[in-house]
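Observations on the model geometry
Listed here are the chains, written in short residue letters.
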Amino acid sequence: MTSVRIAALIGLGLAICPVIAGSITSVSQRNRSFEVAELQIARGGAVRFTNDDAFPHQIAVRGPSLQYESDLMAPLQAVELQFPDAGRFDVRCGIHPRMRMTVDVR
Ligand SMILES: [Cu+2]
């Protein structure tokens, strides 16, 4: 599967990417953690990760069909990823090793 990176969103969630079919689930990065440890979404859905801390975060995704490394995410910056294939995807912050969650795509 090719990269499923959709886009990086800049600033206050203003999309600079094409419209994504399917639903988008928002996950906040706050207090050096993801707001949920595990998230279930349907295949083809997207997740928008938003940095709600006052310092940078990052997103690193590893899974059966998806490897993704975001750039550094400034405060209030968001990254949106689509998950076209089923599987369990490990999501971490490259800056804060204890920040991790799983996206379960069904
Ligand atoms: Cu972080």
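Residues numbered from 1 in each chain as written. Predicted model: local features only at pLDDT ≥ 70, side-chain atom pairs only at ≥ 80, totals over all residues.

1. Remarks on the overall build of the protein chain
Looking only at helices and strands, one finds zero helices and 10 strands in the protein chain. In the protein chain, the succession of α and β elements from N to C terminus is β-β-β-β-β-β-β-β-β-β. Taken over 106 residues, the protein chain has a buried fraction of 25%. The long-range share in the protein chain, meaning contacts at least 24 apart out of those at least 6 apart in sequence, stands at 52%. (Helix = DSSP H or I, 4+ residues; strand = E, 2+ residues; numbered from the N terminus. Buried ≥ 20, exposed ≤ 12 C-beta atoms within 10 Å, placed from the backbone. Contact = placed C-beta atoms within 7 Å.)

2. Describing the pairing of strand E2 (residues 24-30)
Inspection of the sheet shows E2 paired to strand E5 (residues 46-51) by six bridges, in the parallel sense. Residue Ser-26 lies in a different strand from E5, and its bridge partner there is Arg-48. Pairing between E2 and strand E3 (residues 33-34): two bridges, direction antiparallel. By the bridge assignment for E3, Arg-30 is matched with Ser-33. Counting the residues that bridge the hairpin from E2 to E3 gives two residues, and of these Asn-31 lies at a positive phi of roughly 55°. (Pairing = 2+ DSSP bridges.)

3. Some words on the environment of Arg-92
Tracing the sequence through the fold places Arg-92 in strand E9 (residues 87-92). Taking the C-alpha atoms as reference points, Arg-92 and Ala-60, 32 residues apart in sequence, are found 5.1 Å from one another. Excluding anything up to four places from it in sequence, Arg-92 contacts Ala-60, Met-99 and Arg-100.

4. Here we look at the environment of Ser-28
For Ser-28, the location among the structural elements is in strand E2. Residue Ser-28 is classed as partly exposed on the basis of its C-beta count, with 16 C-beta atoms lying within 10 Å. Considering only alpha carbons, one finds Ser-28 and Asp-53, 25 residues apart in sequence, at a separation of 9.0 Å. Once you skip the residues sitting within four places of it in the chain, Ser-28 turns out to touch Glu-35, Thr-50 and Asp-52.

5. Overview of the sheet that holds strand E4 (residues 38-41)
The five strands lie next to each other as E4-E10-E9-E6-E7, forming an open sheet whose pairing is mixed. In the strand order of this sheet, the two ends are held by E4 and strand E7 (66-69), each with one partner. If you compare each strand with its neighbour and ignore which way they point, the axes differ by 20° on average. (Axes fitted to C-alpha atoms, helices over the stretch in contact; angles between N-to-C directions.)

6. Regarding the nonpolar core
Judged by nonpolar contacts, the single largest core of 18 residues is most densely connected at Ile-59, Phe-83 and Phe-89. Setting aside residues no more than four positions away along its own chain, Phe-89 makes contact with Val-61, Arg-62, Gly-63, Leu-66, Phe-83, Thr-102, Val-103 and Val-105. (Core = buried A, V, L, I, M, F, W, Y, C linked by C-beta atoms within 7 Å.)

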